[in-house]
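# Summary of the model geometry
Residues per chain are reported as follows:
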Amino acid sequence: MHLSLSTQKQGVLGISGHAGCGHAHSNDGFVQDDSGGLAAVLAIFQEATVLSLEIRSVRAKVGRDGYFEVETVSGGTGRCSARRGITPSEARLAHYVEGQQAIRTQALAEAAFGRIYGQGAMEPAVALQAAMANAALDSFARNFPESFHAAPEGIEGNCGLIAGAVIDFDGIPVSVMGVCNATEGGLGPNEDLEGNACLYGKRPVMEALGLHALPTFVVEGKVFVLPLCGTFDKPHFVVRAFADDDNVVVAEAYLAALEKLGYPAVYPREALKRVPGALRAMTRNMGERLAALAQRVAEATTGRDKVNAVASLIQVASQDAGGVTFMSDALHAFVGGPGSMPGSSAVLSLFMPQSYIDEYVIPALTEEDVQRYVRVIKHAVPVLHARLDEACSILKARGCREKLEPYGG
(Lines give C-alpha, C1' and ligand atoms only; values in the text may rest on other atoms or scores of the structure.)
Protein backbone atom coordinates (compact mmCIF):
# COMPACT_ATOMS: atom_id res chain seq x y z
CA MET A 1 0.00 0.00 0.00
CA HIS A 2 1.32 3.43 -0.95
CA LEU A 3 1.13 6.29 1.58
CA SER A 4 1.44 9.95 0.63
CA LEU A 5 0.37 13.39 1.76
CA SER A 6 -3.13 14.01 0.49
CA THR A 7 -4.41 17.00 -1.42
CA GLN A 8 -7.69 16.65 0.49
CA LYS A 9 -8.29 18.96 3.44
CA GLN A 10 -10.13 16.29 5.44
CA GLY A 11 -10.20 12.52 5.46
CA VAL A 12 -13.16 10.16 5.32
CA LEU A 13 -11.97 8.19 8.35
CA GLY A 14 -9.40 8.73 11.06
CA ILE A 15 -6.42 7.39 12.97
CA SER A 16 -5.25 8.69 16.35
CA GLY A 17 -2.30 7.55 18.44
CA HIS A 18 -0.71 9.07 21.53
CA ALA A 19 2.24 8.76 23.87
CA GLY A 20 1.41 9.11 27.54
CA CYS A 21 4.79 10.29 28.80
CA GLY A 22 5.41 8.63 32.14
CA HIS A 23 2.41 6.30 32.02
CA ALA A 24 4.43 3.11 32.31
CA HIS A 25 2.43 1.72 35.23
CA SER A 26 -1.14 1.51 36.40
CA ASN A 27 -3.15 -0.31 39.07
CA ASP A 28 -3.12 -4.05 39.82
CA GLY A 29 0.21 -4.77 38.14
CA PHE A 30 -0.70 -3.15 34.81
CA VAL A 31 2.53 -2.13 33.06
CA GLN A 32 3.02 -0.83 29.54
CA ASP A 33 4.91 1.05 26.88
CA ASP A 34 2.32 3.78 26.38
CA SER A 35 3.92 5.22 23.25
CA GLY A 36 2.68 2.56 20.80
CA GLY A 37 -0.04 4.75 19.30
CA LEU A 38 2.22 7.72 18.66
CA ALA A 39 4.95 5.43 17.31
CA ALA A 40 2.55 3.96 14.75
CA VAL A 41 1.38 7.42 13.69
CA LEU A 42 4.94 8.73 13.39
CA ALA A 43 5.86 5.73 11.24
CA ILE A 44 2.87 6.47 8.98
CA PHE A 45 3.86 10.14 8.71
CA GLN A 46 7.43 9.13 7.97
CA GLU A 47 6.44 6.70 5.24
CA ALA A 48 4.19 9.30 3.62
CA THR A 49 6.81 12.08 3.71
CA VAL A 50 10.17 10.23 3.73
CA LEU A 51 11.26 12.61 6.49
CA SER A 52 14.05 11.55 8.82
CA LEU A 53 13.36 11.64 12.55
CA GLU A 54 16.96 10.93 13.48
CA ILE A 55 17.88 12.69 16.71
CA ARG A 56 20.69 15.10 15.91
CA SER A 57 21.31 16.25 19.46
CA VAL A 58 20.14 16.19 23.04
CA ARG A 59 21.02 19.38 24.85
CA ALA A 60 20.78 19.15 28.61
CA LYS A 61 20.53 22.16 30.88
CA VAL A 62 22.25 20.83 33.98
CA GLY A 63 21.17 22.04 37.39
CA ARG A 64 18.09 22.44 39.55
CA ASP A 65 16.31 24.29 36.76
CA GLY A 66 17.35 21.64 34.25
CA TYR A 67 15.64 20.43 31.12
CA PHE A 68 16.24 18.36 28.00
CA GLU A 69 15.97 19.84 24.52
CA VAL A 70 15.93 17.40 21.60
CA GLU A 71 16.54 18.35 17.96
CA THR A 72 16.08 16.10 14.94
CA VAL A 73 18.09 16.31 11.73
CA SER A 74 14.89 17.63 10.13
CA GLY A 75 14.89 20.66 12.41
CA GLY A 76 12.15 19.61 14.83
CA THR A 77 12.69 20.56 18.46
CA GLY A 78 11.12 19.57 21.76
CA ARG A 79 11.84 20.54 25.34
CA CYS A 80 10.70 19.35 28.75
CA SER A 81 11.89 20.31 32.21
CA ALA A 82 12.64 17.98 35.12
CA ARG A 83 11.15 19.02 38.45
CA ARG A 84 14.18 18.07 40.55
CA GLY A 85 16.70 19.14 37.96
CA ILE A 86 19.22 17.38 35.73
CA THR A 87 22.52 16.03 37.04
CA PRO A 88 25.67 15.89 34.90
CA SER A 89 25.40 12.09 34.92
CA GLU A 90 21.82 12.25 33.62
CA ALA A 91 22.95 14.64 30.91
CA ARG A 92 25.54 12.08 29.78
CA LEU A 93 23.01 9.24 29.82
CA ALA A 94 20.57 11.19 27.65
CA HIS A 95 23.07 11.35 24.79
CA TYR A 96 22.38 7.64 24.25
CA VAL A 97 19.37 8.48 22.09
CA GLU A 98 21.33 10.60 19.63
CA GLY A 99 21.37 8.97 16.19
CA GLN A 100 18.14 7.08 16.92
CA GLN A 101 14.83 7.69 15.17
CA ALA A 102 12.49 9.56 17.53
CA ILE A 103 9.62 7.10 17.10
CA ARG A 104 9.70 4.62 20.02
CA THR A 105 9.95 7.38 22.59
CA GLN A 106 9.31 5.46 25.82
CA ALA A 107 11.57 2.60 24.79
CA LEU A 108 14.38 5.05 23.97
CA ALA A 109 14.01 6.90 27.28
CA GLU A 110 14.01 3.58 29.12
CA ALA A 111 17.10 2.45 27.23
CA ALA A 112 18.90 5.67 28.19
CA PHE A 113 18.00 5.58 31.88
CA GLY A 114 17.36 1.87 32.46
CA ARG A 115 13.79 2.33 33.69
CA ILE A 116 10.94 4.79 33.52
CA TYR A 117 8.33 5.77 36.13
CA GLY A 118 5.73 8.52 36.26
CA GLN A 119 4.04 10.39 39.12
CA GLY A 120 7.23 12.35 39.72
CA ALA A 121 9.24 9.24 40.55
CA MET A 122 11.71 9.50 37.67
CA GLU A 123 11.40 12.93 36.09
CA PRO A 124 14.51 12.95 33.85
CA ALA A 125 13.47 9.84 31.89
CA VAL A 126 9.95 11.19 31.42
CA ALA A 127 11.26 14.62 30.44
CA LEU A 128 13.54 13.07 27.82
CA GLN A 129 10.64 11.06 26.40
CA ALA A 130 8.45 14.16 26.19
CA ALA A 131 11.19 16.15 24.47
CA MET A 132 11.67 13.39 21.88
CA ALA A 133 7.94 13.04 21.19
CA ASN A 134 7.50 16.78 20.77
CA ALA A 135 10.56 17.02 18.52
CA ALA A 136 9.22 14.26 16.28
CA LEU A 137 5.81 15.90 15.85
CA ASP A 138 7.39 19.32 15.41
CA SER A 139 9.58 17.91 12.62
CA PHE A 140 6.54 17.24 10.45
CA ALA A 141 4.82 20.51 11.32
CA ARG A 142 7.96 22.51 10.43
CA ASN A 143 8.75 20.72 7.19
CA PHE A 144 5.21 20.42 5.82
CA PRO A 145 3.30 23.44 7.16
CA GLU A 146 0.88 23.34 4.25
CA SER A 147 -0.22 19.80 5.18
CA PHE A 148 0.13 19.54 8.96
CA HIS A 149 -1.97 21.20 11.63
CA ALA A 150 -0.30 21.49 15.03
CA ALA A 151 -1.04 22.92 18.46
CA PRO A 152 0.10 22.56 22.07
CA GLU A 153 -2.12 20.57 24.42
CA GLY A 154 -3.40 23.75 25.99
CA ILE A 155 -3.97 22.19 29.42
CA GLU A 156 -2.42 24.05 32.35
CA GLY A 157 0.66 22.15 33.47
CA ASN A 158 0.99 20.13 30.27
CA CYS A 159 3.60 20.70 27.56
CA GLY A 160 2.78 18.13 24.87
CA LEU A 161 2.34 18.82 21.16
CA ILE A 162 -0.41 17.62 18.82
CA ALA A 163 0.02 17.35 15.04
CA GLY A 164 -2.02 15.83 12.24
CA ALA A 165 -2.43 15.66 8.48
CA VAL A 166 -4.48 13.92 5.83
CA ILE A 167 -2.64 10.89 4.45
CA ASP A 168 -3.69 9.01 1.32
CA PHE A 169 -3.75 5.23 1.82
CA ASP A 170 -3.81 4.07 -1.82
CA GLY A 171 -6.08 6.99 -2.60
CA ILE A 172 -8.24 6.81 0.54
CA PRO A 173 -7.85 10.12 2.42
CA VAL A 174 -7.37 9.45 6.13
CA SER A 175 -7.05 12.10 8.83
CA VAL A 176 -4.13 11.02 11.01
CA MET A 177 -3.27 12.63 14.35
CA GLY A 178 -0.32 12.15 16.69
CA VAL A 179 -0.59 13.27 20.31
CA CYS A 180 2.06 13.79 22.97
CA ASN A 181 0.55 13.92 26.46
CA ALA A 182 3.29 15.35 28.67
CA THR A 183 3.36 17.10 32.03
CA GLU A 184 5.80 19.90 32.79
CA GLY A 185 8.56 18.83 35.15
CA GLY A 186 8.60 15.30 33.76
CA LEU A 187 5.85 14.31 36.19
CA GLY A 188 3.32 12.46 34.08
CA PRO A 189 0.83 11.25 33.33
CA ASN A 190 -2.03 13.66 32.64
CA GLU A 191 -3.74 12.23 29.57
CA ASP A 192 -7.05 14.07 29.39
CA LEU A 193 -6.20 14.57 25.69
CA GLU A 194 -5.42 10.97 24.76
CA GLY A 195 -7.25 8.99 22.09
CA ASN A 196 -9.61 11.17 20.05
CA ALA A 197 -11.03 13.21 22.95
CA CYS A 198 -11.86 16.55 21.35
CA LEU A 199 -10.72 19.12 23.92
CA TYR A 200 -8.44 22.13 24.48
CA GLY A 201 -5.62 22.55 21.94
CA LYS A 202 -6.55 19.27 20.32
CA ARG A 203 -9.97 20.50 19.29
CA PRO A 204 -8.91 22.94 16.51
CA VAL A 205 -6.53 20.33 15.07
CA MET A 206 -9.29 17.71 15.02
CA GLU A 207 -11.83 20.08 13.53
CA ALA A 208 -9.43 21.19 10.81
CA LEU A 209 -8.93 17.53 9.86
CA GLY A 210 -12.58 16.60 10.37
CA LEU A 211 -11.52 14.08 13.00
CA HIS A 212 -14.21 15.20 15.44
CA ALA A 213 -16.80 13.58 13.13
CA LEU A 214 -14.99 10.56 11.66
CA PRO A 215 -14.94 6.84 12.51
CA THR A 216 -11.47 6.49 13.97
CA PHE A 217 -8.85 3.83 14.62
CA VAL A 218 -7.39 4.56 18.08
CA VAL A 219 -3.99 2.94 18.58
CA GLU A 220 -2.63 2.24 22.07
CA GLY A 221 0.43 0.65 23.67
CA LYS A 222 2.27 -2.56 24.49
CA VAL A 223 0.74 -3.95 27.66
CA PHE A 224 0.92 -6.57 30.37
CA VAL A 225 -2.05 -6.97 32.70
CA LEU A 226 -3.66 -9.84 34.58
CA PRO A 227 -5.80 -11.82 34.26
CA LEU A 228 -6.02 -11.50 30.47
CA CYS A 229 -2.30 -11.77 29.72
CA GLY A 230 -2.04 -14.78 32.01
CA THR A 231 -3.95 -16.78 29.38
CA PHE A 232 -1.47 -15.96 26.58
CA ASP A 233 1.57 -18.00 25.61
CA LYS A 234 2.56 -15.42 22.95
CA PRO A 235 1.77 -11.78 22.12
CA HIS A 236 -1.82 -11.02 21.14
CA PHE A 237 -3.39 -7.93 19.68
CA VAL A 238 -6.41 -6.90 21.70
CA VAL A 239 -9.29 -4.99 20.12
CA ARG A 240 -11.57 -3.09 22.47
CA ALA A 241 -14.94 -1.53 21.68
CA PHE A 242 -18.04 -1.77 23.84
CA ALA A 243 -21.14 -2.03 21.67
CA ASP A 244 -23.18 0.55 23.58
CA ASP A 245 -20.37 3.11 23.80
CA ASP A 246 -17.95 2.63 20.91
CA ASN A 247 -17.97 1.72 17.20
CA VAL A 248 -18.11 -2.02 16.52
CA VAL A 249 -17.67 -1.51 12.76
CA VAL A 250 -14.24 0.00 13.44
CA ALA A 251 -13.50 -2.96 15.73
CA GLU A 252 -14.52 -5.42 13.02
CA ALA A 253 -12.23 -3.67 10.53
CA TYR A 254 -9.35 -4.18 12.96
CA LEU A 255 -10.31 -7.84 13.40
CA ALA A 256 -10.54 -8.45 9.65
CA ALA A 257 -7.06 -6.99 9.20
CA LEU A 258 -5.63 -9.08 12.03
CA GLU A 259 -7.17 -12.24 10.61
CA LYS A 260 -5.77 -11.54 7.15
CA LEU A 261 -2.31 -10.95 8.58
CA GLY A 262 -2.53 -14.06 10.77
CA TYR A 263 -1.79 -12.15 13.98
CA PRO A 264 -3.22 -13.68 17.17
CA ALA A 265 -6.03 -11.46 18.43
CA VAL A 266 -8.85 -11.32 20.96
CA TYR A 267 -11.89 -9.08 21.30
CA PRO A 268 -13.13 -8.85 24.91
CA ARG A 269 -16.53 -7.35 24.22
CA GLU A 270 -17.16 -6.00 27.72
CA ALA A 271 -13.98 -3.94 27.69
CA LEU A 272 -14.31 -0.14 27.58
CA LYS A 273 -17.81 -0.09 29.03
CA ARG A 274 -18.22 3.36 30.56
CA VAL A 275 -18.93 3.19 34.28
CA PRO A 276 -19.81 6.58 35.79
CA GLY A 277 -17.98 7.13 39.04
CA ALA A 278 -15.48 4.31 38.46
CA LEU A 279 -12.34 6.44 38.34
CA ARG A 280 -13.60 8.63 41.21
CA ALA A 281 -13.94 5.48 43.35
CA MET A 282 -10.51 4.23 42.28
CA THR A 283 -8.96 7.60 43.08
CA ARG A 284 -10.55 7.67 46.53
CA ASN A 285 -9.38 4.11 47.19
CA MET A 286 -5.87 5.01 46.06
CA GLY A 287 -5.80 7.97 48.42
CA GLU A 288 -6.91 5.77 51.30
CA ARG A 289 -4.31 3.17 50.39
CA LEU A 290 -1.55 5.79 50.34
CA ALA A 291 -2.81 7.23 53.63
CA ALA A 292 -2.63 3.79 55.25
CA LEU A 293 0.93 3.38 54.03
CA ALA A 294 1.80 6.84 55.33
CA GLN A 295 0.37 5.83 58.71
CA ARG A 296 2.71 2.83 58.70
CA VAL A 297 5.58 5.26 58.27
CA ALA A 298 4.28 7.40 61.13
CA GLU A 299 4.08 4.41 63.46
CA ALA A 300 7.41 2.81 62.52
CA THR A 301 10.14 3.01 65.18
CA THR A 302 12.95 0.82 63.88
CA GLY A 303 15.13 1.63 60.92
CA ARG A 304 14.08 -1.57 59.18
CA ASP A 305 10.37 -0.86 59.59
CA LYS A 306 10.79 2.72 58.40
CA VAL A 307 12.68 1.64 55.28
CA ASN A 308 10.11 -1.02 54.41
CA ALA A 309 7.15 1.29 55.05
CA VAL A 310 8.55 4.11 52.93
CA ALA A 311 9.55 1.66 50.18
CA SER A 312 6.00 0.30 50.05
CA LEU A 313 4.60 3.84 49.87
CA ILE A 314 6.95 4.76 47.02
CA GLN A 315 6.18 1.56 45.11
CA VAL A 316 2.43 2.17 45.17
CA ALA A 317 2.81 5.88 44.36
CA SER A 318 5.19 5.27 41.46
CA GLN A 319 3.28 2.34 39.98
CA ASP A 320 -0.37 1.74 40.92
CA ALA A 321 -1.15 5.44 41.29
CA GLY A 322 -0.64 5.83 37.55
CA GLY A 323 -4.01 4.14 37.19
CA VAL A 324 -5.78 7.19 38.68
CA THR A 325 -3.53 10.15 37.83
CA PHE A 326 -3.80 9.73 34.07
CA MET A 327 -7.26 11.30 33.60
CA SER A 328 -9.88 13.50 35.22
CA ASP A 329 -12.61 11.51 36.93
CA ALA A 330 -15.69 12.88 35.18
CA LEU A 331 -14.03 12.86 31.74
CA HIS A 332 -13.18 9.17 32.19
CA ALA A 333 -16.87 8.37 32.59
CA PHE A 334 -17.49 9.86 29.14
CA VAL A 335 -14.48 8.80 27.02
CA GLY A 336 -13.14 5.82 28.97
CA GLY A 337 -9.51 5.00 29.67
CA PRO A 338 -8.25 5.38 26.06
CA GLY A 339 -10.02 8.72 25.52
CA SER A 340 -12.55 7.42 22.97
CA MET A 341 -15.34 9.74 21.87
CA PRO A 342 -18.73 7.97 22.03
CA GLY A 343 -19.64 5.99 18.93
CA SER A 344 -16.46 6.93 17.12
CA SER A 345 -13.77 4.34 17.54
CA ALA A 346 -12.23 1.05 18.54
CA VAL A 347 -8.87 0.62 20.28
CA LEU A 348 -5.94 -1.59 19.29
CA SER A 349 -3.27 -2.67 21.80
CA LEU A 350 -0.53 -5.31 21.89
CA PHE A 351 -0.74 -7.50 25.00
CA MET A 352 2.24 -9.56 26.15
CA PRO A 353 2.40 -12.93 27.98
CA GLN A 354 3.63 -13.53 31.53
CA SER A 355 6.96 -14.92 30.26
CA TYR A 356 7.70 -11.58 28.57
CA ILE A 357 7.13 -9.44 31.63
CA ASP A 358 9.09 -11.87 33.83
CA GLU A 359 12.12 -11.20 31.62
CA TYR A 360 11.73 -7.54 30.62
CA VAL A 361 9.92 -6.09 33.71
CA ILE A 362 8.63 -3.06 31.75
CA PRO A 363 7.40 -3.49 28.13
CA ALA A 364 9.38 -1.70 25.45
CA LEU A 365 8.32 -1.29 21.83
CA THR A 366 10.55 -2.80 19.18
CA GLU A 367 10.83 -1.65 15.57
CA GLU A 368 8.99 -4.81 14.54
CA ASP A 369 6.16 -3.99 16.97
CA VAL A 370 5.73 -0.63 15.27
CA GLN A 371 5.68 -2.20 11.81
CA ARG A 372 3.05 -4.70 12.95
CA TYR A 373 0.83 -1.84 14.07
CA VAL A 374 1.31 -0.14 10.72
CA ARG A 375 0.52 -3.33 8.79
CA VAL A 376 -2.70 -3.80 10.76
CA ILE A 377 -3.75 -0.22 10.07
CA LYS A 378 -2.95 -0.49 6.37
CA HIS A 379 -5.10 -3.60 6.07
CA ALA A 380 -7.90 -2.17 8.23
CA VAL A 381 -8.29 1.14 6.36
CA PRO A 382 -9.84 -0.30 3.16
CA VAL A 383 -12.09 -2.59 5.22
CA LEU A 384 -13.49 0.34 7.17
CA HIS A 385 -13.72 2.43 4.00
CA ALA A 386 -15.93 -0.23 2.45
CA ARG A 387 -18.26 -0.06 5.48
CA LEU A 388 -18.08 3.67 6.02
CA ASP A 389 -21.82 4.26 5.92
CA GLU A 390 -22.37 1.72 8.73
CA ALA A 391 -19.61 3.22 10.85
CA CYS A 392 -20.85 6.78 10.31
CA SER A 393 -24.37 5.73 11.22
CA ILE A 394 -23.17 4.48 14.63
CA LEU A 395 -21.15 7.65 15.16
CA LYS A 396 -24.11 9.89 14.38
CA ALA A 397 -26.41 7.89 16.65
CA ARG A 398 -24.09 7.86 19.67
CA GLY A 399 -21.87 10.89 19.21
CA CYS A 400 -22.54 13.60 21.78
CA ARG A 401 -19.61 15.99 21.85
CA GLU A 402 -21.57 18.64 23.70
CA LYS A 403 -21.05 16.65 26.90
CA LEU A 404 -17.40 17.66 26.72
CA GLU A 405 -18.21 21.35 27.19
CA PRO A 406 -17.61 21.33 30.98
CA TYR A 407 -14.03 20.13 30.37
CA GLY A 408 -13.09 22.86 27.90
CA GLY A 409 -14.41 21.21 24.76
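This report concerns the structure included in the present document. Keep in mind that what you see is a predicted model, and the values were worked out from it rather than measured.

### Describing the layout of surface pockets
Its boundaries defined by the atoms lining it, the largest pocket holds a volume of some 890 Å³. As for the largest pocket, its lining consists of 37 residues, and the residues nearest its centre are F30, R240, L272, H332 and G337. When residues of the lining of the largest pocket are traced back to their parent elements, those giving at least two are strand 10 (216-224), strand 11 (236-240), helix 7 (278-299), helix 10 (329-335) and strand 13 (345-351). Residues of the lining of the largest pocket, tallied by class, amount to 18 nonpolar, 11 polar and 8 charged. Empty space within the second largest pocket amounts to approximately 200 Å³. Around the second largest pocket sit A43, Q46, E47, Q100, Q101, I103, R104, E367, V370 and Q371, which together line it. When residues of the lining of the second largest pocket are traced back to their parent elements, those giving at least two are helix 1 (36-49) and helix 12 (367-386). Split by residue class, the lining of the second largest pocket holds 3 nonpolar, 4 polar and 3 charged.

### Some words on the packing of aromatic side chains
Given two aromatic rings, their pairing is described by the distance between the two centres and the angle made by the two planes. Applying the stated criterion to the full structure yields 9 aromatic pairs. The interplanar angle of 55° and the centroid separation of 6.3 Å between the aromatic rings of F68 and F113 together place this pair among those described as tilted. Taken together, the residues span a long stretch of sequence, with F68 in strand 5 (residues 67-72) and F113 in helix 3 (residues 105-113) at a distance of 45 residues. F68 gets classed as buried once you look at its relative accessible area, which sits at 0%. Here F113 falls in the buried class, since its relative accessible area comes to 15%. Between R79 and the ring centre of Y67, over which it is positioned, the NZ or CZ distance is 4.0 Å.

### Quick word on the pairing of strand 11
Where burial is concerned, most of strand 11 is hidden: 5 out of the 5 residues are buried. Residues H236, V238 and R240 line one face of strand 11 and the alternating positions F237 and V239 line the opposite face, and both faces are buried. Across 5 bridges, the pairing between strand 11 and strand 13 is antiparallel. Its bridge partner being in strand 13, V238 is matched across the sheet by S349. In this sheet, strand 12 (residues 265-266) lies alongside strand 11 in parallel orientation, the contact comprising 2 bridges. In the strand pairing of strand 12, F237 is matched with A265.

### A short note on the pattern of salt bridges
With the rule as written, the count across this model stands at 18 salt bridges. For E123, the salt bridge is made with R84, and the minimal N-O distance between the two is 2.9 Å. Placement of E123 in helix 4 (residues 123-143) and of R84 in the loop between strand 6 (77-81) and helix 2 (88-94) is noted, with a sequence separation of 39 residues between them. Residue classification places E123 among the buried residues on the basis of a relative accessible area of 2%. Under the relative-accessibility criterion, R84 is labelled exposed at 55%. For R274, the salt bridge goes to D246, with nearest N and O atoms at 2.7 Å. With R274 in the loop between strand 12 and helix 7 and D246 in the loop between strand 11 and helix 6 (248-261), this residue pair connects regions lying 28 residues apart in the sequence. For the pair formed by R274 and D246, the shared burial category is buried.

### A short note on the sheet that holds strand 4 (residues 55-61)
The strand order across the open sheet formed by 3 strands is 4-5-6, and the pairing between neighbours is antiparallel. The open sheet has two edge strands, strand 4 and strand 6, and neither has a second partner. Within the sheet, the average angular offset between the axes of one strand and its neighbour, ignoring direction, is 15°.

### Side note on helix 6
Helix length check: helix 6, at 14 residues, gives a terminal C-alpha distance of 20 Å against a target of 20 Å (1.5 Å per residue), a fit within 8%. Listed as buried for helix 6 are V249, V250, A251, A253, Y254, A257 and L258. Summarising the contacts, the buried residues of helix 6 are in contact with strand 10, strand 11, strand 12, strand 13, helix 12 and helix 13 (388-398). For helix 6, the N-terminal cap is N247; the gap from its side-chain oxygen to the backbone nitrogen of V249 is 3.2 Å. Phi for G262, located one or two positions after helix 6, is positive at around 75°.

### Focus on the nonpolar core
With 102 residues, the main nonpolar core has I15, L128, F169 and F217 as its most contacted residues. Beyond its immediate stretch of four places on either side in the chain, F217 contacts L13, G14, I15, S16, V250, A253, Y254, A346, A380, V381 and L384. Core analysis: the second largest hydrophobic core is formed by 27 residues, V166, A197, A321 and M341 among them.

Quick notes on the rules
Residues numbered from 1 in each chain as written. Predicted model: local features only at pLDDT ≥ 70, side-chain atom pairs only at ≥ 80, totals over all residues. Heavy atoms only, no water. 1 Å grid on protein atoms, 1.4 Å probe; cavity = no way out; pocket = protein on both sides within 12 Å on 5 of 7 lines; lining within 4 Å. Points joined across faces, edges and corners; volume = space filled by probe spheres on them. Helix = DSSP H or I, 4+ residues; strand = E, 2+ residues; numbered from the N terminus. Nonpolar A, V, L, I, M, F, W, Y, C, P; charged D, E, K, R; others polar. Phe/Tyr/Trp six-rings, centres within 6.5 Å; stacked < 30°, edge-to-face > 60°. Buried < 20%, exposed > 50% of the residue type's maximum accessible area, 1.4 Å probe, protein only. Lys NZ or Arg CZ within 6 Å of the ring centre and 35° of its normal. Pairing = 2+ DSSP bridges. Salt bridge = Lys/Arg side-chain N within 4 Å of Asp/Glu carboxyl O. Axes fitted to C-alpha atoms, helices over the stretch in contact; angles between N-to-C directions. Expected span 1.5 Å × (residues − 1). Contact = heavy atoms within 4.5 Å. Polar contact = N/O pair within 3.5 Å; in protein donor to acceptor, adjacent residues only side chain to side chain. Core = buried A, V, L, I, M, F, W, Y, C linked by side-chain atoms within 4.5 Å.

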